[in-house]
Amino acid sequence: MQPKASRHTGRALGGRIRLSQHSGTPVYIQLADQLKYLIGIGELPPGTRLPSARLLSSNLNINRNTVLSAYAILAAESLVAGHRGGGTLVATPPIETTE
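My aim in this report is to walk through the structure given alongside it, one point at a time. (Residues numbered from 1 in each chain as written. Predicted model: local features only at pLDDT ≥ 70, side-chain atom pairs only at ≥ 80, totals over all residues. Heavy atoms only, no water.)

### Looking at the packing of helix α3 (residues 53–60) against helix α4 (residues 64–76)
Move 1: Running from amino to carboxyl end, α3 crosses α4 at an angle of 120°, the nearest separation of the two axes being 8 Å. Comparing the axis directions of α3 and α4 gives the class oblique. With respect to the hand of their crossing, α3 and α4 are arranged in right-handed fashion. From α3, A53, R54, L56 and S57 reach across to α4, where they touch R64, V67, L68 and Y71.
Move 2: Of the residues contributing to the contact of α3 with α4, the split by class is 5 nonpolar, 1 polar and 2 charged. (Axes fitted to C-alpha atoms, helices over the stretch in contact; angles between N-to-C directions. Helix = DSSP H or I, 4+ residues; strand = E, 2+ residues; numbered from the N terminus. Parallel < 35°, antiparallel > 145°, perpendicular 65-115°, else oblique. Left-handed = near helix turned anticlockwise from the far one by under 90°. Contact = heavy atoms within 4.5 Å. Nonpolar A, V, L, I, M, F, W, Y, C, P; charged D, E, K, R; others polar.)

Laid out in structure tokens, this is it:
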């Protein structure tokens, strides 16, 4: 059974993510990079449900499509998997084999 994020994950993430509208880097890339970092350091372990795009965009005061674009980047890099009706979950990293 996969762990479920609390209802406060969106609020908690909103407090750890810092975005700059004045940066030369698009906001969706800033968001994707910061989520990658949080996944990489284990703050968002495998199986963690990311907040809905609507909730996270509201907490960060950005457009919902910006969050969806960031989630799409993470999905393309196999860091998250979206499940219709089940949200977006941090993916389990592939098992490395040595030969």
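### Let's talk about the sheet that holds strand β3 (residues 87–90)
In any sheet, the strands associate via hydrogen bonds between backbone groups, in a parallel or an antiparallel arrangement.
Move 1: Strand order in the open sheet made by the 3 strands is β1-β3-β2, with antiparallel pairing throughout. In this open sheet, the two edge strands, each paired with only one partner strand, are β1 (49–50) and β2 (80–83).
Move 2: As defined by bridge partners, β1 adjoins β3 across 2 bridges and the pair is classed as antiparallel. In the strand pairing of β3, L50 is matched with T88. (Pairing = 2+ DSSP bridges.)

### Quick notes on the nonpolar core
Move 1: With 20 residues, the main nonpolar core has L31, L35 and L44 as its most contacted residues.
Move 2: If you list the elements that add at least two residues to this core, you get α2 (27–40), α3 and α4.
Move 3: Counting residues per element, this core draws most heavily on α2, which supplies 6 residues.
Move 4: Setting aside residues up to four positions removed in sequence, L35 forms contacts with L13, I17, L44, Y71 and L74. (Core = buried A, V, L, I, M, F, W, Y, C linked by side-chain atoms within 4.5 Å. Buried < 20%, exposed > 50% of the residue type's maximum accessible area, 1.4 Å probe, protein only.)

### Section: the packing of α2 against α4
For any two helices packed against each other, one specifies the inter-axial angle together with the distance between the axes.
Move 1: α4 packs onto α2 with a crossing angle of 50° between their chain directions and a minimal axis gap of 8 Å. When the axes of α2 and α4 are compared, the pair comes out oblique. Our pair here, α2 against α4, has a crossing hand that is right-handed. Each of V27, Y28, I29, L31, A32, L35 and K36 in α2 lies in contact with α4, whose residues at this interface are T66, V67, S69, A70, Y71, I73 and L74.
Move 2: Here the residues of the contact of α2 with α4 are counted per class, giving 11 nonpolar, 2 polar and 1 charged.

### Notes on α2
Structurally, the α-helix is built with 3.6 residues per turn, so residues lying three or four positions apart point the same way.
Move 1: Under the 1.5 Å per step criterion, the end-to-end length of α2 is 20 Å for 14 residues, consistent within 8% with the ideal 20 Å.
Move 2: Regarding α2, the residues found buried are V27, Q30, L31, A32, L35, L38 and I39.
Move 3: G42 lies just past α2 and shows a positive phi near 90°. (Expected span 1.5 Å × (residues − 1).)

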